[in-house]
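Below are the chains, spelled out letter by letter.
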Amino acid sequence: MSIFITFEDFNKLIQQKENIIIFDATFFLPNSGMNAENEYKKEHIPNTIFFDINKICDPDQSLPHMFPNKTTFTNMMQNLGLNKDHQVIIYDNSPLLTSARCWFLLRYFGHKKINIFQGGIKNWKNNGGKTNQLEVKKNRGNFVSSEKKPELLIKLSEMKKISKNKLFKIFDARSLGRFIGKEQEPRPGLPSGHIPNSSSLPSSKLINEENKLIGNNEIKNILLNKNIKNDEKIIATCGSGVSACVIALAFYCLGNERVSIYDGSWTEWASKKQEIKTI
């Protein structure tokens, strides 16, 4: 189920300027020293709107990147200019393929036409594409959220039951070092380790050096090695719900739409004093 768009098709859509909206969903970890919005302001693909992963979330939560409710997401997307019939093209310039987070949010809230341009500005330039710093004039959109697949989002109470009773396989997209408790978390004061009965599947293993998702055959090999059935229900988690979406995207490309995201992820689990495992 390929949702990726080529440079040629992307560039053609930009030239036509019909029913298309482009989002830059770049995001960096808190300890990276990088600011995604500043990078967007320096340079972006023409007609791109910045999709701020840090802000497109529940404003009433102290935890980062928690899913907003339908009304809040509708308002946020309308403010960005999203229409219900828009074809959305997403790209990012971070090493985490954070386009997957934007894709998952839009998919969860019912938008249908979504493509990802992989490789970001580097790939765009390598193909002869131009960039600019121009701010896009946004007209209020008419997109309205729906939640037709609420099972794609897992909350803490349900996660505790899944972990304790081994109801589904849980895969953690953070680095192996953070998973086993040997690397420091990027958020100050948060211990490292992992949720009991979860397994490590770093999103970095699913992304190649060009910041693109690895091929389907490579993904299949990973699933085989981890004894995962192609259509199996899976829970994906990470630090705060961003890189977990890369796992969901990888499975989706193989036809499995049953990967759910644990909303609070490790930040919630560890900060709320749940049981922590280290290896």
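What this report covers is the structure whose coordinates are included nearby. (Residues numbered from 1 in each chain as written. Predicted model: local features only at pLDDT ≥ 70, side-chain atom pairs only at ≥ 80, totals over all residues. Heavy atoms only, no water.)

**Regarding the environment of glycine 110**
Mapped onto the fold, glycine 110 is located in the loop between helix H4 (99-108) and strand S4 (114-116). What makes glycine 110 partly exposed here is its relative accessible area of 26%. Along the sequence, glycine 110 and lysine 148 sit 38 residues apart, while their C-alpha atoms lie 6.9 Å from each other. (Helix = DSSP H or I, 4+ residues; strand = E, 2+ residues; numbered from the N terminus. Buried < 20%, exposed > 50% of the residue type's maximum accessible area, 1.4 Å probe, protein only.)

**Brief notes about the sheet that holds strand S1 (residues 20-24)**
The 4 strands are arranged S2-S1-S3-S4 in an open sheet whose pairing can be described as parallel. Every other strand in the sheet has two partners, leaving strand S2 (48-50) and S4 as the edge strands with one partner each. Within the sheet, the average angular offset between the axes of one strand and its neighbour, ignoring direction, is 30 degrees. Relative to S4, strand S3 (residues 87-91) is paired through 3 bridges, and the arrangement is parallel. Bridging across to S4, isoleucine 89 finds its partner in asparagine 115. (Pairing = 2+ DSSP bridges. Axes fitted to C-alpha atoms, helices over the stretch in contact; angles between N-to-C directions.)

**Focus: helix H6 (residues 156-165)**
Those residues of H6 that fall on the buried side of the exposure criterion are Leu156, Met159, Ile162 and Ser163. The arc that holds the buried residues of H6, viewed along the axis, is 115 degrees, so those residues lie on one side. Residues of H6 that are exposed and point over 90 degrees away from its buried face: Ser157, Lys161 and Lys164. Where the residues of H6 are buried, they touch strand S5 (153-154), strand S6 (169-172), strand S8 (234-237), strand S9 (259-262) and helix H10 (265-271). (Arc of directions from axis to C-beta. Contact = heavy atoms within 4.5 Å.)

**A short note on the nonpolar core**
The biggest cluster of nonpolar side chains holds 60 residues, and the ones touching the most others in it are Phe51, Met77, Trp103 and Leu106. Element by element, the count of residues in this core is highest for helix H9 (residues 244-253), at 10 residues. The residues contacting methionine 77, other than those within four sequence positions of it, are Phe51, Ile56, Leu82, Leu106 and Phe143. The next biggest cluster of nonpolar side chains, apart from the first, holds 13 residues, and it includes Phe10, Tyr91, Phe117 and Ile121. (Core = buried A, V, L, I, M, F, W, Y, C linked by side-chain atoms within 4.5 Å.)

**Some thoughts on the pattern of salt bridges**
Note on pairing: side chains with opposite charge can pair once their charged atoms come close. Overall, the coordinates contain 11 salt bridges when judged by the stated rule. Put simply, glutamate 232 and lysine 169 hold a salt bridge, and the shortest N to O gap is 3.5 Å. Residue glutamate 232 is located in the loop between helix H8 (216-225) and S8, and its partner lysine 169 is located in strand S6; the two are separated by 63 residues in the primary sequence. Of the charged contacts, one joins glutamate 185 and arginine 174 as a salt bridge, the two residues approaching to 2.8 Å between their closest N and O atoms. (Salt bridge = Lys/Arg side-chain N within 4 Å of Asp/Glu carboxyl O.)

**Digging into the sheet that holds strand S7 (residues 198-200)**
Pairing in this open sheet of 5 strands is parallel, and the strands run S5-S9-S8-S6-S7 from one edge to the other. Strands with a single pairing partner mark the edges of an open sheet, and in this sheet they are S5 and S7. With 2 bridges joining them, S5 and S9 adopt parallel strand pairing. Bridge pairing in S9 links isoleucine 154 to tyrosine 262.

**Considerations on the environment of isoleucine 214**
Topologically, isoleucine 214 is positioned in the loop between S7 and H8. When its relative accessible area of 9% is taken as the criterion, isoleucine 214 is described as buried. Measuring from C-alpha to C-alpha, the distance between isoleucine 214 and methionine 76 comes to 32 Å, with 138 residues separating the pair along the chain. Contacts of isoleucine 214, omitting those with residues within four sequence positions, involve Lys205, Leu206, Ile207, Asn208, Ile219 and Ile222.

**Section: the packing of aromatic side chains**
Throughout the structure, instances matching the rule amount to 15 aromatic pairs. Pairing phenylalanine 73 with phenylalanine 109 gives two aromatic rings, centres 4.4 Å apart and planes at 15 degrees, and the pair type is stacked. Taken together, the residues span a long stretch of sequence, with phenylalanine 73 in helix H3 (residues 70-80) and phenylalanine 109 in the loop between H4 and S4 at a distance of 36 residues. Across the pair, exposure class does not vary: phenylalanine 73 and phenylalanine 109 are buried alike. (Phe/Tyr/Trp six-rings, centres within 6.5 Å; stacked < 30°, edge-to-face > 60°.)

**Side note on the pairing of S8**
What you see with S8 is no split at all: Ile234 and Ala236 on one side and Ile235 and Thr237 on the other are buried throughout. By the bridge criterion, 4 bridges tie S6 to S8 in an arrangement that is parallel. The residue bridging isoleucine 170 from the neighbouring strand is isoleucine 235, located in S8. In the sheet, S8 pairs with S9 via 3 bridges, with the strands oriented parallel. In the sheet register, isoleucine 235 faces S9, and the bridge partner there is serine 260. In this region the chain leaves S8, passes through H9 and returns to the parallel neighbour S9; the handedness of that crossover is right-handed. (Right-handed = clockwise from strand over helix to strand, strands pointing away.)

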